Amino acid sequence: MNWMNKMERKFGKYAVQNLTVILLVCYGTGFVINMVYPQLLSYLTLEPGLILQGQVWRLISWIIIPPTGSILAFLFVLLLYYSLGRTLETVWGAFRYNVYIFSGIIFTIIGAFVVYAVTGGAVGYGSAFSTYYLNLSIFLACAAIMPNLELWIYGIIPVKMKWLAILDVVLLLPSLLYGNLAVRTAVVASLLNFLIFFLFNRNLQKFSPKQAARRQKFKRQVKRPENHYPGGAKHRCAVCGRTELDDSNLEFRYCSKCRGNYEYCQDHLFTHQHVK
């Protein structure tokens, strides 16, 4: 996914930081609404027919509908997805995590409008499009990059992420096979982001904690003043001296084997002499 690298260089600074926390705050707001005035939730669902009639807030408001109505289950969801979401954001970086989450949201909205068109403008399928499957895509992503990470069920039973992910997929099969059109579309649309990221980008698979730590170190190293180099360049190769202003397609990386913060372009990253 070279296009993803290019997008991150150009638009990475606009990424929403701590997106997981924002999502959980939305769930918390929806949970409070459900407890105080549950009838209000019917005005927040993703209903394309009503959106086309002017209720445009439904394009966003469905995100705050909580995935569960039980207090204990809700607290469990908050703790679980805070941990999983923060893990993904740390491993991938804020920009890629933003793309992953927002693409899942956009695919879900598109799926709702597809159902609306296929059913001839029927209204009432909005409740099928919820954040449940979006949360599941977060869980599957963590299981894909860290399959051997253990979760402690009830605090006493250790279970590896890969087995829980397989169980979740198995539990989804009845919805895919026997659910109505809206349910099946919601499942597929919400998980398209997972399929696209992991089928077409092998670089996102099987990150180790050590790799995550290296990524965080790299992010700290690249935080330079805007005009660190002449002309406003942020990166410069320690061998050839080229910057991103010389060629917008150049990629720059720090060498973990060099002593000090030495940055190299893609042509010299693996061919330079290490600084000891």
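Everything below is about the structure printed above this text.
The following paragraphs examine the structure supplied in this document. (Residues numbered from 1 in each chain as written. Predicted model: local features only at pLDDT ≥ 70, side-chain atom pairs only at ≥ 80, totals over all residues. Heavy atoms only, no water.)

Section: the environment of arginine 96
Logical step 1: Examined against the element boundaries, arginine 96 turns out to sit in helix H6 (residues 94-118).
Logical step 2: Sequence spacing of arginine 96 and asparagine 5 is 91 residues, and the spatial spacing of their C-alpha atoms is 9.3 Å. (Helix = DSSP H or I, 4+ residues; strand = E, 2+ residues; numbered from the N terminus.)

Digging into the packing of aromatic side chains
Logical step 1: Within this structure, the stated rule accounts for three aromatic pairs.
Logical step 2: Relative to phenylalanine 74, the ring of phenylalanine 31 has its centre 4.3 Å away and its plane inclined at 10°; by these criteria the two rings are stacked. Of this pair, phenylalanine 31 sits in helix H2 (residues 19-36) while phenylalanine 74 sits in helix H5 (residues 71-92), placing them 43 residues apart in sequence. Both residues of the pair, phenylalanine 31 and phenylalanine 74, belong to the buried class.
Logical step 3: An angle of 70° between the planes, with centres 5.1 Å apart, marks the rings of tryptophan 92 and tyrosine 100 as edge-to-face. Tyrosine 100 matches tryptophan 92 in its accessibility class, with the two residues each being buried. (Phe/Tyr/Trp six-rings, centres within 6.5 Å; stacked < 30°, edge-to-face > 60°. Buried < 20%, exposed > 50% of the residue type's maximum accessible area, 1.4 Å probe, protein only.)

Points about empty space enclosed by the protein
Take a probe with the size of a water molecule and roll it over the atoms, and the empty space left behind shows itself.
Logical step 1: The full count for this structure, using the stated rule, is two cavities of 30 Å³ or more.
Logical step 2: Considered as a void within the structure, the largest cavity measures approximately 50 Å³ in volume.
Logical step 3: If you go around the largest cavity, the residues you meet are Thr20, Leu23, Leu24, Tyr27, Tyr81, Gly85, Tyr97, Asn135 and Ile138.
Logical step 4: Sorting the residues of the lining of the largest cavity by element identifies H2, H5 and helix H7 (132-145) as the ones contributing at least two each.
Logical step 5: By residue number, the principal contributor to the lining of the largest cavity is H2, which donates four residues.
Logical step 6: Grouping the constituent residues of the lining of the largest cavity by class yields six nonpolar, three polar and no charged.
Logical step 7: Within this model, the second largest cavity holds a volume of roughly 40 Å³.
Logical step 8: The wall of the second largest cavity is formed by Leu46, Glu47, Pro48, Ala112, Val115, Tyr116, Ala122, Gly124, Tyr125, Gly126 and Phe129. (1 Å grid on protein atoms, 1.4 Å probe; cavity = no way out; pocket = protein on both sides within 12 Å on 5 of 7 lines; lining within 4 Å. Points joined across faces, edges and corners; volume = space filled by probe spheres on them. Nonpolar A, V, L, I, M, F, W, Y, C, P; charged D, E, K, R; others polar.)

With respect to H5
Logical step 1: Taking 1.5 Å of rise per residue, the 22 residues of H5 would be expected to cover 32 Å, and the 31 Å separating its terminal C-alpha atoms lies within 8% of that figure.
Logical step 2: Of all the residues in H5, the buried ones are Phe74, Val77, Leu80, Tyr81, Leu84, Gly85, Leu88, Glu89, Val91 and Trp92. In a view along the axis of H5, the buried residues occupy a sector of 160°, so they form one face of it. In H5, the exposed residues that point more than 90 degrees away from the buried face are Leu72, Phe76 and Leu79. (Expected span 1.5 Å × (residues − 1). Arc of directions from axis to C-beta.)

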